[in-house]
Each structure stands twice: as C-alpha cells, then as structure tokens.
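Structural description and commentary
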Amino acid sequence: MLPKAIQKIKVPPVKCQGIKTKLVPFISESIKWEGVGKWIEPFLGSGVVAFNIQPKRALLADTNKYIIQLYKDIQSGKIDSQIVREYLLENGELLRKKGDDYYYQKRKEFNEKGGTLDFLFLNRASFNGLMRFNSKGIYNVPFGKKPERFRKAYITKIANQIGWIQSLLSITDWEFMVADYEKTLSNAKENDFVYLDPPYIGRSTDYFNDWKEDDAIRLAEITHCLPCGFALSMWKQNKYRENEHLKSHWNGHTIKTFSHFYHVGSNEDLRNAMTEALVIKTGFENTDFSFNQKVIPKLESYQINLDL
Ligand SMILES: C[S@@+](CC[C@H](N)C(=O)[O-])C[C@H]1O[C@@H](n2cnc3c(N)ncnc32)[C@H](O)[C@@H]1O
C-alpha cells in the first residue's frame, strides 16, 4: 500500500495548526507498509494525511472532539454535502447582512452547544481560518472581517470537500475516536502502522495543542515499544536552530528530510528555509531511491497561509 505517489493532494473541509498538506507526497513516498493491518493516526488534526493515503482500515483519533465529531457525523449520515450547502447558504447570507454581530452570536452558540455545522462555519468565517481554543477550551478566534465570504462558488467548494469525505467513508473501514494518544496507541498490533504528528513542543497556548517537553519524551518512550511500524513528523532545523529533541530521543531510526521555504509576512523576498523530518522505524522506510527521486521535489517554495 505504501509507498504511494500522490500527484494531486486533496484538501479536507477543516484546517488546523500544523496541517501537513504540502508534506503528504513526501510522507506517502517515504514509508514502506504492506497495508495489512490498520493505519493508526493518534494526532489526526485535519485528517489530510489519512484522507490522501486512503488506507483500507484505520483508527483515526484526536483530543479535539469537534474535529472527530465532524467526521463521525459525516460517517453516520447526520450531515452530508447537501445539508452543509443549505446551512452555509442560509448562514452565509445572515453573515453578509449582519456582519460582526452574527459571527459573535454563532461563536457564542458554538461555545454553548458545540454543533458540527457551526464548527464548520466558524472555521471558515474566522480570522485567517484559524482554529484556536483558549485555556478553558473556548473557541476564541475573532471575526475574519469578510462578511461576503460565503459566495456560491466558495460554498460549493466546501460542500464538495464534505462529499469527498462522504465517498471515502463509504468504501473504507475507518474508526474515529476522541482520545489521548496513549489510549489510541494501546490499540496498535503487529501489522498496523502508526503515523504520529504531535504538536510543536512548547509552541502553542491552544487548549488542544498544549504539548511540553515531557509529553514529547513520553511519546518517544511509548512509540519505541510499539509492536508495529511507525513514522513521526517533526521539524528538524530552521535558520536559527536545530531540534535537539529529535537528536536526543529519536536517534537510531531512519530520518528522511524535506526542505521548503516559507515567506515572512507578505514580502516575497523574505524567505526562511525550514527542514522537516520524518523519523521512520528502521525496516519501514522506502529504499527504492529511483522512486523517491522521481517524485519528491527536494525544495519547494510555498506561502504559510491557510488555503481556504
Ligand atoms: C500538528 S496537529 C496534527 C496535524 C495533522 N497531521 C494535519 O495534517 O492536519 C496535532 C494534533 O494533535 C492533537 N493533540 C494534541 N495533544 C494531543 C494528545 N495528547 N492526544 C491526542 N491528540 C492530541 C491536536 O488536537 C491536533 O489536532
């Protein structure tokens, strides 16, 4: 099942911090896995990696209950592309008429009731499409100041993304679970493959991304005892420093790297290089170098901006 060449990456209906859209081909081409067991992703986030790799069986989990509920609701048929389209047409129109007031009313409702459709709406209407929760788990992103955002073409794009997930879920055996990674990893069996994409150490103050050095060390210890193959995404190096945690806790495995640039602000000339690492349990790395060289671009330039 892996390695797999993915030419066209598809984007899921929600975005999150640290989304790996641009790294999907690098990940799917670097791993060797038969696909006999389950693909296990304890830090699912947007789901972009699993949704593009498309394993037959998967266990997809995250502590962010809103993301998991979205995918569970699509799976159960509670929401579908038509329901999303109608909801966004109606609420987009109200946003256009009432602006700020409507956004903050929806945000309040979401924080009280936590509905999936409201979650989707806020994810798109908020500032920069950010998903951020304060230390008490309250969604606190301000309005994106674009009351005209929900035009027909934009709504169709979102409805199509929901339709894509719907069709994937109808042909796969995937389980979604709200869980801490430790619980998810306790399910791993010999033929499974675990892909880990934890939050950046000490970077975020977000409720669902509180991740300290101790958490990272514990994850490394647990992962080393897994009965199956695994891969872990982590930044390796930027212009200013190297990731010491990677050196001290993930030594002894295969490390593949992917370098790219991100633009600083809106200035095209100010570019910073970043090297991402994929730590792969030895024996599960793709060693077909001709395959790698054909498909993986060595250096890619892109803007760190959420592609809404
Ligand atoms: C870097 S993001 C994953 C991004 C994802 N690979 C993507 O491409 O969209 C990290 C995710 O881990 C989740 N998370 C943070 N702490 C967790 C924990 N202790 N157990 C499980 N999930 C956790 C966050 O909610 C977030 O969705």
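The shown structure was predicted, so the numbers you read here are calculated from the model rather than taken from an experiment.

What counts, and at which threshold
Residues numbered from 1 in each chain as written. Predicted model: local features only at pLDDT ≥ 70, side-chain atom pairs only at ≥ 80, totals over all residues. Heavy atoms only, no water. Helix = DSSP H or I, 4+ residues; strand = E, 2+ residues; numbered from the N terminus. Buried < 20%, exposed > 50% of the residue type's maximum accessible area, 1.4 Å probe, protein only. Contact = heavy atoms within 4.5 Å. 1 Å grid on protein atoms, 1.4 Å probe; cavity = no way out; pocket = protein on both sides within 12 Å on 5 of 7 lines; lining within 4 Å. Points joined across faces, edges and corners; volume = space filled by probe spheres on them. Nonpolar A, V, L, I, M, F, W, Y, C, P; charged D, E, K, R; others polar. Salt bridge = Lys/Arg side-chain N within 4 Å of Asp/Glu carboxyl O. Near = heavy atom within 4 Å. Polar contact = N/O pair within 3.5 Å; in protein donor to acceptor, adjacent residues only side chain to side chain. Areas by Shrake-Rupley, 256 points an atom, 1.4 Å probe, with all protein chains shown as cover.

Take Pro 42: it is sitting in the loop between β1 (39–41) and α2 (48–53). Under the relative-accessibility criterion, Pro 42 is labelled buried at 2%. Taking C-alpha positions, Pro 42 is 13 Å from Ile 67, a pair spaced 25 residues apart along the chain. Setting aside residues up to four positions removed in sequence, Pro 42 forms contacts with Ala 61, Asp 62, Tyr 181, Thr 184, Leu 185, Val 194, Tyr 195 and Leu 196.

It is worth spelling out empty space enclosed by the protein at this point. Counted according to the given criterion, the structure contains one cavity of 30 Å³ or more. In this structure, the largest cavity occupies an estimated 60 Å³ of space. Together, Pro 198, Pro 199, Tyr 200, Ile 201, Trp 211, Ser 233, Met 234, Trp 235 and Asn 243 line the largest cavity. Residues of the lining of the largest cavity, tallied by class, amount to seven nonpolar, two polar and no charged.

The subject of this paragraph is the pattern of salt bridges. Evaluation of the coordinates by the stated rule reveals ten salt bridges. Across the pair Lys 20 and Asp 197 runs a salt bridge, and its minimum N-O distance is 3.1 Å. Remark: Asp 197 occurs in the loop between β4 (193–196) and α9 (213–224) and Lys 20 occurs in the segment before α1 (24–30); sequence separation between them is 177 residues. Summarising the burial analysis for this pair, Lys 20 and Asp 197 share the class buried.

Neighbouring residues of the ligand: 23 residues in total, closest Lys 20, Ser 46, Asp 62, Asp 197 and Phe 208. Tyr 181 has a polar backbone atom sitting 3.0 Å from a nitrogen atom of the ligand. Within the contact set of the ligand, an oxygen atom lies 3.3 Å away from a backbone nitrogen or oxygen of Phe 208. Contact with the protein chains removes 95% of the 600 Å² of surface that the ligand exposes when unbound. Residues belonging to the shell around the ligand are distributed by class as follows: twelve nonpolar, seven polar and four charged.

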